[in-house]
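# Summary of structural features
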Amino acid sequence: MFVTPLEVAKFYQCPRRFWLEKVVLSRQFKERRGKVWDGEVIHLAVKLFASQLGKKKIQECIENAAEEALKKYEGKTELEKEKLVEFLKKFNEFLHEEKFVRVFPEKMIESFKIGLSGSPDLIGIKENGEIIAIDIKAGEMRRGIKKEHLLQNIGESILVENYFRKKVNECYLIYFGSDSLVKIKISRDMKDEFLKYKKLIGKFVASRRIPPKSRLPNYRKRVCQGCHVKPACDNIEILRKFRKI
């Protein structure tokens, strides 16, 4: 069974949310305007900027990427152009500081060996030949890295490693909201933990049972508040209460 690193991360957050979104394909309810769309703008702007590198002047790449991304999500996003432009400038500086010579934006890759597919936000190749999976998050980093972010980044690194057939030793997380960069040294234990959750997904799907809700601390605010399939999940809980009566 093929899954993406993002789906494994969502499964860790809440098995039921993953099941509703990806297995039974429940209807998703997204806000018409707000932060959920800000993330789409940021990712599109970075993709457009990276795809134009070497073809136009840097400032032109930045301006064009910001304008096109904001235009596509006009009326939905609350991001200001100035903030997006400033982020892209810092992102360009980051590419030079880390000595990346090539950057592939959202390249779809897959590994039949481990049953993974996906498109990392960015795959960067450095001067020394080192390959890095780069994931961009719209929010801020508070009190360390969220486990789901780490799992996704590790999964993308495993995917990149299998696709390019070259060991990947590090992965990067960039947080738009706090202008912060986290470099993660990848260990065998990190890879094993990701693969453990991937294996659990197969067991849940094969069982044909409705998975439990999230058991993370403060899950109602951390997971449920921004969940697009919450109405379907609430209906399941209501039905279960009726059955007990």
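Quick caveat: nothing in here was measured; it's all calculated off a predicted structure. (Residues numbered from 1 in each chain as written. Predicted model: local features only at pLDDT ≥ 70, side-chain atom pairs only at ≥ 80, totals over all residues. Heavy atoms only, no water.)

### Remarks on the overall build of the chain
Here is the rule we go by: A run of H or I in DSSP becomes a helix once it reaches four residues, and a run of E becomes a strand once it reaches two; helices and strands are each numbered from the N terminus. All radius of gyration figures rest on C-alpha atoms, and the globule criterion is 2.2 Å times the number of residues raised to 0.38. For the exposure calls, accessible area comes from a 1.4 Å probe over protein chains only, and a residue counts as buried if that area is under 20% of its type's maximum, exposed if over 50%, partly exposed in between. Any pair of residues with heavy atoms lying within 4.5 Å of one another is described as a contacting pair. Note on areas: Shrake-Rupley with a 1.4 Å probe; residue coverage comes only from the protein chains shown.
Each helix and strand counted, the chain has nine helices and seven strands in total. For the chain, whose C-alpha radius of gyration is 19 Å, the value lies close to the compact-globule estimate of 18 Å for 245 residues. Seen along its three principal axes, the alpha-carbon backbone of the chain occupies a region of about 65 × 45 × 30 Å. The buried share of the chain, reckoned over its 245 residues, is 47%. Considering only contacts within the chain whose residues lie at least 6 apart along the sequence, 67% involve residues at least 24 apart. Element-wise, carbon and sulfur atoms account for 50% of the exposed surface of the chain, whose accessible area totals about 14200 Å².

### Some details on the packing of helix 1 (residues 5-13) against helix 2 (residues 15-23)
Stated formally: Each axis is a line fitted through C-alpha atoms, taken for helices only over the stretch in contact, and angles between the N-to-C directions span 0 to 180 degrees. Roughly parallel means an angle under 35 degrees; roughly antiparallel, over 145; roughly perpendicular, 65 to 115; everything else is oblique. Three classes are used: nonpolar for Ala, Val, Leu, Ile, Met, Phe, Trp, Tyr, Cys and Pro, charged for Asp, Glu, Lys and Arg, and polar for all others, with Gly counted as polar.
It is at 5 Å that the axes of helix 1 and helix 2 come closest, and there the two elements cross at 135°. Taken together, the axes of helix 1 and helix 2 are oblique relative to one another. Between helix 1 and helix 2, the residues in contact are Glu-7, Lys-10, Phe-11 and Gln-13 and Pro-15, Arg-17, Phe-18, Glu-21 and Lys-22, respectively. Its residues placed into classes, the contact of helix 1 with helix 2 shows three nonpolar, one polar and five charged.

### Some words on the sheet that holds strand 4 (residues 122-126)
Rule in force here: Pairing between strands is defined by DSSP: at least two bridges between the two strands are required.
Taken in spatial order, the five strands of this open sheet run 1-4-5-6-7, and their pairing is mixed. On the outer flanks of this sheet lie strand 1 (100-105) and strand 7 (180-185), each paired with one strand and no other. Averaged over all adjacent pairs, the angle separating strand axes in this sheet is 25°, with direction ignored. One ladder, built from five bridges, connects strand 1 with strand 4; its direction is antiparallel.

### Thoughts on the packing of aromatic side chains
For clarity, the threshold we go by: Stacked, tilted and edge-to-face pairs are distinguished by plane angle, under 30 degrees for stacked and over 60 for edge-to-face with tilted covering the rest, among Phe, Tyr and Trp rings (Trp via its six-membered ring) whose centres lie within 6.5 Å. Our definition puts a charge over a ring when NZ of Lys or CZ of Arg is within 6 Å of the ring centre and also within 35 degrees of the ring normal.
Within this structure, the stated rule accounts for 12 aromatic pairs. Judged by centre distance (5.9 Å) and plane angle (35°), the ring pair of Trp-37 and Tyr-73 falls under tilted. You can see Trp-37 sitting in helix 3 (residues 35-52) and its partner Tyr-73 sitting in the loop between helix 4 (58-72) and helix 5 (81-97), a full 36 residues away along the chain. Classification of Trp-37 as buried rests on a relative accessible area of 14%. The class of Tyr-73 is buried, set by a relative accessible area of 11%. Ring geometry for Phe-49 versus Phe-91: centroids 6.0 Å apart, planes at 70°, classification edge-to-face. Note that Phe-49 is positioned in helix 3 and Phe-91 in helix 5, a separation of 42 residues in sequence. Relative accessible area serves as the criterion here: at 0%, Phe-49 is assigned to the buried category. Through pairs of rings, three or more aromatic residues link up here, namely Phe-49, Phe-91, Phe-94, Phe-100 and Tyr-172. When the ring centre of Phe-100 is taken as reference, the NZ or CZ atom of Lys-126 above it lies at 5.6 Å.

### Some points on the pattern of salt bridges
Two side chains with opposite charge may pair up if their charged atoms get near one another. Note the threshold: The term salt bridge refers to a side-chain nitrogen of Lys or Arg lying within 4 Å of a carboxyl oxygen of Asp or Glu.
One pass over the structure, following the stated rule, counts 17 salt bridges. Across the pair Lys-81 and Glu-63 runs a salt bridge whose closest N-O atoms are separated by 3.0 Å. Taken together, the positions of Lys-81 in helix 5 and Glu-63 in helix 4 put the pair 18 residues apart, joining distant regions of the chain. Residue class for Lys-81 comes out partly exposed when judged on its relative accessible area of 29%. The partner of Lys-147 in a salt bridge is Glu-193, and the shortest N-O contact between them spans 2.8 Å. Highlighted residues: Lys-147 in helix 6 (residues 147-164) and Glu-193 in helix 7 (residues 188-207), separated in sequence by 46 residues. Here Lys-147 falls in the partly exposed class, since its relative accessible area comes to 24%. Look at Glu-193 and you get partly exposed, because its relative accessible area is 26%. Residues participating in the shared-partner salt-bridge network are Lys-10, Arg-17 and Glu-21.

That's the geometry; what it means functionally is another story.
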